Amino acid sequence: MSKPKVYVSRVIPKPALDMIIKECEMGLNESDVPLTQAEFIEKMKTLDGLVCLLTDDINAEILKTVKEANPNFKVVSNVAVGYNNIDWKAATELGVAVSNTPGVLDDTTADFTWTLLMAVARRVVEADKYFRQKTWKGWGIMQFLGSDVYGKTLGVVGLGRIGRVVAKRAQGFDMKVLYTDVVRFEDLEKELGIQYVDKETLLKESDYVTLHVPLLPETKHYISAKELDLMKETAYLINASRGPVLDEKALVKALQEKKIAGAGLDVFEMEPKAEPELYEMDNVVLAPHIASASIETRTKMATMAAENVIAGVKGLKPPNCVNPDIYG
């Protein structure tokens, strides 16, 4: 009996590839260049399942064209928590399962949120650049003065899995923690000693604002000029969620006009590029979407995606299926 056919759109950690090879006939894009739409369609016409990354645009046209040519295509397994890169509604209409990898990167992403926060607050990147230029003449009391973190107010926008882990870590810095969300979590308020407020209050009162909302139509530019105007001039904005949640042009203007003190960004509106002015700003820490980039976490994500695609190509519901209704 022939094995189901699976294609992996980019190299992922070896344990996941080994799992797929054991159960399936596997094709792999070994280059670090994303496939074009035409290439995806051509590949998927002969497949039972696809493993893709957040940077792969699996749109309705691809899915419809493939399904018409290949009724046996069953599953798209995303190696990410988010799946806004896949038209999951079109997939659902076509009976194609879509899966993601939730839960495994919460702690790692929360750690990196704090990495960005600490780095921009204490001017670590700026100081590192200065030291490497070999122009430092010795210690000075006014050199690279940053902002304290302990005892300050942290505003957590979105108290989902990652947001609540970020809030928990703030306890070690003896911070006051405010949060806003579409849902109120009174149990976590008691457990973590945090306070629920509306969006405007959080922005006005926080020394550090960190974003942890999913990318949805209603959260695009969740933070724009209006919101940035509400923040303290001494406040910092951290985004390790999704790029379009933050209006980058508005952020640039706010930084130029010193309406806020700085920002730490791991995601961008038009990845892999950012607004040109951000590259030149010393009070902005820029990272290339690496919040989940630990060996342990990326391996867990990949093996979870492998489990999802293997189940899907066998006609079973993937463990992390985001559209389970297709299974009745």
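Since we're looking at a predicted model, the values are computed, not measured. (Residues numbered from 1 in each chain as written. Predicted model: local features only at pLDDT ≥ 70, side-chain atom pairs only at ≥ 80, totals over all residues. Heavy atoms only, no water.)

Details of helix 12 (residues 295-313)
Here helix 12 is 19 residues long and its end C-alpha atoms lie 27 Å apart, about the 27 Å a rise of 1.5 Å per residue gives. With its phi angle positive at about 85 degrees, Gly315 sits one or two positions after the end of helix 12. (Helix = DSSP H or I, 4+ residues; strand = E, 2+ residues; numbered from the N terminus. Expected span 1.5 Å × (residues − 1).)

Section: a nonpolar patch on the surface
Together, Phe131, Trp136, Trp139, Ile141, Met142 and Leu145 make up an exposed nonpolar region whose accessible area comes to about 810 Å². Looking at the secondary structure, you find Met142 in the loop between helix 6 (124-132) and strand 6 (153-157). Take Met142: its relative accessible area is 65%, and that puts it in the exposed class. (Patch = residues over 30% accessible without salt bridge, like charges linked within 9 Å, V, L, I, M, F, W, Y side chains within 5 Å. Areas by Shrake-Rupley, 256 points an atom, 1.4 Å probe, with all protein chains shown as cover. Salt bridge = Lys/Arg side-chain N within 4 Å of Asp/Glu carboxyl O. Buried < 20%, exposed > 50% of the residue type's maximum accessible area, 1.4 Å probe, protein only.)

Remarks on the packing of helix 5 (residues 106-121) against helix 7 (residues 161-169)
Following both chains from N to C, one finds helix 5 and helix 7 inclined at 55 degrees, their axes separated by 9 Å at the closest point. The angle between helix 5 and helix 7 places the two elements in the oblique class. When the axes of helix 5 and helix 7 are compared, the crossing they make is right-handed. Along the contact surface, helix 5 presents Asp106, Asp107, Thr109, Ala110, Asp111, Thr113 and Trp114, while helix 7 presents Arg161, Ile162, Val165, Val166 and Arg169. Split by residue class, the contact of helix 5 with helix 7 holds 5 nonpolar, 2 polar and 5 charged. (Axes fitted to C-alpha atoms, helices over the stretch in contact; angles between N-to-C directions. Parallel < 35°, antiparallel > 145°, perpendicular 65-115°, else oblique. Left-handed = near helix turned anticlockwise from the far one by under 90°. Contact = heavy atoms within 4.5 Å. Nonpolar A, V, L, I, M, F, W, Y, C, P; charged D, E, K, R; others polar.)

Describing the packing of helix 2 (residues 37-44) against helix 3 (residues 60-69)
Two numbers describe how helix 2 lies on helix 3: the axes approach to 9 Å, and their chain directions differ by 30 degrees. Put simply, helix 2 runs roughly parallel to helix 3. Regarding helix 2 and helix 3, the two cross each other, and that crossing is right-handed. Where helix 2 approaches helix 3, its residues Gln37, Phe40, Ile41 and Met44 are matched on the opposing element by Glu61, Ile62, Thr65 and Val66. Per-class residue counts for the contact of helix 2 with helix 3 are 5 nonpolar, 2 polar and 1 charged.

Some points on the sheet that holds strand 12 (residues 284-286)
Strand order in this open sheet of 7 strands is 8-7-6-9-10-11-12, and the pairing throughout is parallel. Strands with a single pairing partner mark the edges of an open sheet, and in this sheet they are strand 8 (195-196) and strand 12. Of the pairings in the sheet, the one linking strand 6 to strand 9 (residues 208-211) comprises 4 bridges and is parallel in character. Bridge pairing in strand 9 links Leu154 to Tyr208. Each of strand 6, strand 9, strand 10 (236-239), strand 11 (262-265) and strand 12 touches helix 5; the most contacted strand, strand 10, lies at about 150 degrees to it. (Pairing = 2+ DSSP bridges.)

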